[in-house]
Amino acid sequence: MSEKTSSAEAFFERVADDRFVPTENTRGPWSADSQHAGPPAALLGRAMRMRDGAREDMRLARITFEITSPVPLKPLTVSTGVLRQGRSVELVEASLTPEGGDEVMRARALRIRTLPGAVPESVPEPEVPGPESAAAEPFFPVPWEVGYHTAMEARFAHGSFLGRGPAACWLRMRVPLVEGEKTAPLDRALIAADSGNGVSNVLDFSQHLFVNPDLTVHLHRHPGGEWVCVDARTSIDDAGIGMTETVLHDEQGPIGRSVQSLFVAPRG
């Protein structure tokens, strides 16, 4: 275990109000020294939700993450701020800075005031088979034993990690986001949303490099339950610029969408 990581049974251990130490569960499949973007994205979403003065009648409608460089497996400092605050809408931001380094991820979120009963209640209808009928599929080869790929349970409604083309995968966290804390439904949605690029692929991951420098998530409904489905489709231009579009679901039906920009290039 590196001195820069925690041994907690979670994705992060909180060691101060604004400081978190990652565990090996955050390690992504591309580099032994970098985190999968899902856990730090969820950590930023948590910071916005739990910041001092956060209004309980506001709900996240859209959040955009700018990933300026890979998030290392080092202690992270989280900072938050309010960019604009109104009666019905507010714009907030949060950022992650690793120990001894520069900012690596920034998020800007639009939160909208909720008005229960403002419109007739609608009941969403599931668009993909639920996790109880989905199949476990092998993860594409990863050269280390512990990481995001082992900390998340994955079941495919259609497609697979090793197959080509669109795919729909149900994801569930095996460990909490932060040690000793109850995981919020929003945490579950954000930690899964960045997986669209990995779930849906059009090229061999072992031969091509896929980098998503951003992630935008829109939520029209507050997620519920432990499972989140990423129903993803990837498109790539021959110049190496691509996009992954994902419909996000809980077990009741669609909850929103996410989009990732992609830089794609041959490995080596």
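Above: the structure in question.
**Considering the overall build of the protein**
Here is step 1 of the chain: Along the backbone of the protein there are four helices and 13 strands.
Here is step 2 of the chain: For a compact globule of 268 residues, the expected C-alpha radius of gyration is about 18 Å, and the protein comes in at 18 Å, within 12% of that figure.
Here is step 3 of the chain: Here the C-alpha coordinates of the protein stretch approximately 50 × 45 × 35 Å along the principal axes.
Here is step 4 of the chain: Partitioning the intrachain contacts of the protein with sequence separation of at least 6 by distance along the chain shows that 65% fall at a separation of at least 24.
Here is step 5 of the chain: For the protein, the accessible surface area stands at approximately 12600 Å², while carbon and sulfur atoms represent 50% of it.
Here is step 6 of the chain: In the protein, 27 side chains carry a positive charge and 36 a negative one; their mean positions are 5 Å apart.

**Notes on the pairing of strand β2 (residues 19–22)**
Here is step 1 of the chain: Where strand β1 (residues 12–16) meets β2, four bridges bridge the pair, whose relative direction is antiparallel. By the bridge assignment for β2, A16 is matched with R19.
Here is step 2 of the chain: Pairing analysis gives two bridges linking β2 to strand β4 (residues 76–85), with the strands arranged antiparallel. In the sheet register, R19 faces β4, and the bridge partner there is T77.

**Quick word on the layout of surface pockets**
Here is step 1 of the chain: Of the voids in this model, the largest pocket is the one considered here, and its volume is about 650 Å³.
Here is step 2 of the chain: At the level of elements, α2 (148–151), β7 (152–158), α4 (196–199) and β9 (208–211) are the ones that each hand at least two residues to the lining of the largest pocket.
Here is step 3 of the chain: Counted as a void, the second largest pocket has a volume near 400 Å³.
Here is step 4 of the chain: Lining of the second largest pocket is provided by 16 residues; of these, R59, V119, S122, H220 and R221 occupy positions nearest its centre.
Here is step 5 of the chain: Classifying every residue of the lining of the second largest pocket gives seven nonpolar, five polar and four charged.

**Some words on the side chain of N201**
Here is step 1 of the chain: With respect to the helices and strands, N201 occurs in the loop between α4 and β9.
Here is step 2 of the chain: Of the polar contacts made by the side chain of N201, one reaches the backbone oxygen of G163; its length is 2.9 Å.
Here is step 3 of the chain: Among all residues touching N201, those that are not within four sequence positions of it are S160, F161, G163, R164, G165 and T234.

**Digging into the side chain of T216**
Here is step 1 of the chain: Within the element layout of this structure, T216 appears in strand β10 (residues 214–219).
Here is step 2 of the chain: Only 3.0 Å separates the side chain of T216 from the side chain of T64, close enough to count as a polar contact.
Here is step 3 of the chain: Not counting chain neighbours up to four residues away, the residues in contact with T216 comprise R62, I63, T64, R257, S258 and V259.

**Remarks on helix α3 (residues 185–193)**
Here is step 1 of the chain: Burial of α3 is extensive: eight of the nine residues sit out of reach of the surface.
Here is step 2 of the chain: Inspection of α3 places L186, D187, R188, A189, L190, I191, A192 and A193 among the buried residues, and these make up the whole buried set.

**Regarding the pattern of salt bridges**
Opposite charge on two side chains makes pairing possible when the charged atoms of those side chains draw close.
Here is step 1 of the chain: Applying the stated rule across the entire model yields 16 salt bridges.
Here is step 2 of the chain: Among the ionic pairs, D57 bridges to R55, the shortest N-O distance being 2.9 Å.
Here is step 3 of the chain: The exposure class assigned to D57 is partly exposed, which follows from its relative accessible area of 29%.
Here is step 4 of the chain: Note that D250 and R221 form a salt bridge whose closest N and O atoms lie 2.7 Å from each other. With D250 in strand β12 (residues 241–250) and R221 in the loop between β10 and β11 (228–236), this residue pair connects regions lying 29 residues apart in the sequence.

**Considerations on the packing of helix α1 (residues 38–50) against α3**
Here is step 1 of the chain: The contact between α1 and α3 brings their axes to 7 Å, and the two run at 150°. Comparing the axis directions of α1 and α3 gives the class roughly antiparallel. Classified by chirality, the crossing of α3 by α1 is right-handed. For the pair α1 and α3, contact is made by G38, P39, A41, A42, G45, R46 and R49 and by D187, L190 and I191, respectively.

**Points about the nonpolar core**
Here is step 1 of the chain: Core analysis: the biggest nonpolar cluster contains 58 residues, and F11, I63 and F65 have the highest contact counts within it.
Here is step 2 of the chain: Residue contacts for F65: discarding those within four places in its chain leaves A41, L44, M105, R106, A107, L190, P213, D214 and L215.
Here is step 3 of the chain: Counting six residues, the second largest nonpolar core, distinct from the first, contains A134, A168, W170 and W227.

**Looking at the packing of aromatic side chains**
Here is step 1 of the chain: Under the defined criterion, the tally for this structure stands at two aromatic pairs.
Here is step 2 of the chain: Aromatic pair F139 and F161: ring centres 4.4 Å apart, planes at 50°, arrangement tilted. Here F139 is found in the loop between β6 (105–113) and α2, whereas its partner F161 is found in the loop between β7 and β8 (167–173), with 22 residues between them in sequence.
Here is step 3 of the chain: Each ring, one from F156 and one from F161, has its centre 4.9 Å from the other, and the planes form 85°; the classification is edge-to-face. The burial state of F156 is the same as that of F161; both residues are buried.
Here is step 4 of the chain: Connected via pairs of aromatic rings, a cluster forms that spans F139, F156 and F161.

Calculation notes
Residues numbered from 1 in each chain as written. Predicted model: local features only at pLDDT ≥ 70, side-chain atom pairs only at ≥ 80, totals over all residues. Heavy atoms only, no water. Helix = DSSP H or I, 4+ residues; strand = E, 2+ residues; numbered from the N terminus. Rg over C-alpha atoms; globule rule 2.2 N^0.38 Å. Contact = heavy atoms within 4.5 Å. Areas by Shrake-Rupley, 256 points an atom, 1.4 Å probe, with all protein chains shown as cover. Lys, Arg positive; Asp, Glu negative; His and termini not counted. Charge placed at Lys NZ, Arg CZ, Asp CG, Glu CD. Pairing = 2+ DSSP bridges. 1 Å grid on protein atoms, 1.4 Å probe; cavity = no way out; pocket = protein on both sides within 12 Å on 5 of 7 lines; lining within 4 Å. Points joined across faces, edges and corners; volume = space filled by probe spheres on them. Nonpolar A, V, L, I, M, F, W, Y, C, P; charged D, E, K, R; others polar. Polar contact = N/O pair within 3.5 Å; in protein donor to acceptor, adjacent residues only side chain to side chain. Buried < 20%, exposed > 50% of the residue type's maximum accessible area, 1.4 Å probe, protein only. Salt bridge = Lys/Arg side-chain N within 4 Å of Asp/Glu carboxyl O. Axes fitted to C-alpha atoms, helices over the stretch in contact; angles between N-to-C directions. Parallel < 35°, antiparallel > 145°, perpendicular 65-115°, else oblique. Left-handed = near helix turned anticlockwise from the far one by under 90°. Core = buried A, V, L, I, M, F, W, Y, C linked by side-chain atoms within 4.5 Å. Phe/Tyr/Trp six-rings, centres within 6.5 Å; stacked < 30°, edge-to-face > 60°.

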